[in-house]
Amino acid sequence: MNILMVGAEANPYVKVGGLGDVVYSLSKALVHQGENVAIVLPYYASVKANHHKSMKLVGDISIHLSWRHHTAQLYTSTLDGITYYWVDLQYYFDRPNIYGYYDEHERWAAFVHAVHWMLPVVGFQPDIIHIHDWPAGMLPVVIQTIDGHNDFYKTIKFVLTIHSPAFLGDFPPPLVEDFYNLPMSLYEEGALRFHNQASTLKAAIVYADHITTVSPTHAKELLTPEGSFGLHEVLLPLQHKLTGILNGIDTDEWNPISDPHLTYPIHEKTLAEDKQKNKEALFQQLGLDHPDLPLFGLVSRLTFQKGIGLILDNIDHFVNVGAKFVFLGSGEAELEQRLREFAFKYPSSVKFIQGYNNPLAHQIYASSDFFLMPSLFEPCGIAQMIALRYGTLPIVRETGGLIDTVKGYTHYKEEATGISFHHYSGDSLGWAINQAIDVYNNKANLTKLRLKAYKENNNWKRASNSYLTIYQPLI
Ligand code: GLC
């Protein structure tokens, strides 16, 4: 089967959040199952700067978008059996960031046109085009409306994965005609309309042959007003084509036994000792004191979605009772600033490392006793699965994929793999942290839970099998 993944991010070249992990790891797992997988991405400035030497030029295409005409060079590279195609639309993508520009609608419209036209040029005829989130959401509409009878395109089936319902890709309706060259009736009759805007995510939902989201619980949440950002109105009548498939983690990259970034490998038989040795090394490296005290770690994008505010509400109290905190991440300026202030106030108890540092991320996952993930919403979440694999107990809010991956102590007792709480409030998180400290102080209990966590197996084989059972009946 020929599968083309289309989104805005894919590891190891381009990663903003978990989506980049998923597009790459799922592709890699499908290649292992014998499928022919390609990923197409814009040729971003950072990719060009770091990888241009290993790229092969395979052709070029012309794009007409409103009154602008562009020529895009097409490059390719191969990694782990996956073919990456790169669309070099310099005017739109030779920029430092992936998202967030004033001409966002125009950029992604240009990319959608490029993907449409490049397929015959590079000679890749997909059986399945698998779209991730909103950026290329208009691709099925464009292909089916413009080329639905063309032999090359007519058998292509479309799968959409919703990683986040919070981004609708909404744009002013007249651009349906102006940027996409499509009849306004598609908007007027409702297919592309969502709350009086055109929406690329709505378009993909309507045009996809199948829709998935990244956990079974989130599939249910998407059918409710609270959990779907209003998309339940669109999804309820289409629920027969909606499936929740839990993401996996890359168990090659996140392997406690062979992880090159750890000071000591973490083995099942010596879990407590190995974790403690890593923790001591991390304390020394970061200048924290008392590695006998519980360490709460966080590696995250710092956005409202992640519930960082609930953590901030609790730092003063828990530092005073002897907790240690390490935060790694970047994002909203205000959250960064407040974390910086706490690190300044408690230099031997709180560390904030702004940015993303891969070796340090590995060390935090491995060395923490507890991993904080009090998300407001979390379609799947990857960090908690990584923490589990290193025997680190996640503290999660009961939402989305966090429910599907972490067994909370209150409900599961000795069978638990972490600690969970329900209400989105600082008090509830404080209650969960207190529970964590109780667990920490009862070493026999702590060891039991850590072992349960360590033995959880969230690999991509399971998830890729589930995707294959979605693709196969479509073709
Ligand atoms: C988004 C979601 C997150 C999920 C990731 C990968 O970032 O917010 O929950 O794990 O996509 O699917």
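Above: the structure in question.
Keep in mind it's a predicted model, so treat the numbers as computed, not measured.

(A) Fine view of the site of the ligand. Around the ligand there are 13 residues in total, and His163, Gln305, Glu378, Cys380 and Gly381 lie nearest to it. Within the contact set of the ligand, an oxygen atom lies 3.4 Å away from a side-chain nitrogen or oxygen of Arg301. One of the backbone N or O atoms of Pro379 is found 3.3 Å from an oxygen atom in the ligand. Residue composition of the shell around the ligand, grouped by class: 6 nonpolar, 5 polar and 2 charged.

(B) Quick peek at the side chain of His130. Looking at the secondary structure, you find His130 in strand β6 (residues 128–132). A distance of 2.6 Å separates the side chain of His130 from the side chain of Thr161, its partner in a polar contact. Polar side-chain contacts of His130 include one of 2.7 Å to the side chain of Tyr471. For His130, the contacting residues outside a window of four places in its chain are Leu4, Met5, Val6, Leu26, Val159, Thr161, Tyr467 and Tyr471.

(C) A look at the nonpolar core. The biggest cluster of nonpolar side chains holds 136 residues, and the ones touching the most others in it are Trp86, Ile129, Ile205, Tyr365 and Tyr471. In terms of residue count, helix α4 (residues 104–122) provides more of this core than any other element does, 10 residues in total. Split by domain, this core shows at least three residues from each of two domains, domain 1 (2–248 + 461–474) and domain 2 (271–457). For Tyr471, the contacting residues outside a window of four places in its chain are Met1, Ile3, Met5, Leu26, Leu30, Ile128, His130 and Val159. Formed by 39 residues, the second largest nonpolar core is a distinct cluster that contains Leu298, Ile308, Ile315 and Leu393.

(D) Layout of the pairing of β6. With 5 of its 5 residues buried, β6 lies for the most part within the structure. Neither face of β6 is open: one carries Ile128, His130 and His132, the other Ile129 and Ile131, and all of them are buried. Inspection of the sheet shows strand β1 (residues 2–6) paired to β6 by 4 bridges, in the parallel sense. Among the inter-strand pairings, Leu4 is bridged to a residue of β6, identified as Ile129. Inspection of the sheet shows β6 paired to strand β7 (residues 157–162) by 5 bridges, in the parallel sense. What sits directly across from Ile129, in β7, is Phe158. Of the crossover connections in this fold, the one passing from β6 over helix α5 (residues 139–147) to the parallel β7 is right-handed.

(E) Spotlight on the packing of helix α13 (residues 308–320) against helix α14 (residues 333–345). Interaxial distance between α13 and α14 falls to 11 Å at its minimum, and their mutual angle equals 20°. Taken as axis vectors, α13 and α14 run roughly parallel relative to one another. Both α13 and α14 take part in a crossing whose hand is left-handed. Each of Ile308, Leu312, Ile315 and Asp316 in α13 lies in contact with α14, whose residues at this interface are Leu335, Arg338, Leu339, Phe342 and Lys345. Looking at the contact of α13 with α14, its residues break down into 6 nonpolar, no polar and 3 charged.

(F) Structural detail: the sheet that holds strand β2 (residues 36–42). Ordered in space as β3-β4-β5-β2-β1-β6-β7-β11-β12, the 9 strands form an open sheet in which the pairing is mixed. What marks the edges here is a single partner per strand, and that holds for β3 (56–65) and β12 (242–244). With direction set aside, neighbouring strand axes in the sheet form an average angle of 25°. The strands touched by α5 are β1, β6 and β7; relative to β6, the strand with the most contacts, the crossing angle is about 145°.

(G) Layout of the sheet that holds strand β15 (residues 350–354). Spatially, the 6 strands line up as an open sheet ordered β15-β14-β13-β16-β17-β18, and their pairing is parallel. Pairing within the sheet leaves two strands with one partner each, and these edge strands are β15 and β18 (419–421). For this sheet, the mean angle separating the axes of adjacent strands, direction not counted, is 15°. Two strands pair when backbone bridges link them, and strand β13 (residues 295–302) and strand β14 (residues 324–331) are joined in this way by 8 bridges, in the parallel orientation. The residue bridging Val299 from the neighbouring strand is Leu328, located in β14. Sheet strands touched by helix α12 (residues 271–286): β13, β14 and β15. Its angle to β13, the strand with the most contacts, is close to 65°. Its contacts with the sheet place helix α19 (residues 426–441) against β13, β16 (370–373), β17 (393–397) and β18, and it is angled at close to 160° to β18.

Conventions we followed
Residues numbered from 1 in each chain as written. Predicted model: local features only at pLDDT ≥ 70, side-chain atom pairs only at ≥ 80, totals over all residues. Heavy atoms only, no water. Near = heavy atom within 4 Å. Polar contact = N/O pair within 3.5 Å; in protein donor to acceptor, adjacent residues only side chain to side chain. Nonpolar A, V, L, I, M, F, W, Y, C, P; charged D, E, K, R; others polar. Helix = DSSP H or I, 4+ residues; strand = E, 2+ residues; numbered from the N terminus. Contact = heavy atoms within 4.5 Å. Core = buried A, V, L, I, M, F, W, Y, C linked by side-chain atoms within 4.5 Å. Buried < 20%, exposed > 50% of the residue type's maximum accessible area, 1.4 Å probe, protein only. Domains from an automatic or database assignment. Pairing = 2+ DSSP bridges. Right-handed = clockwise from strand over helix to strand, strands pointing away. Axes fitted to C-alpha atoms, helices over the stretch in contact; angles between N-to-C directions. Parallel < 35°, antiparallel > 145°, perpendicular 65-115°, else oblique. Left-handed = near helix turned anticlockwise from the far one by under 90°.

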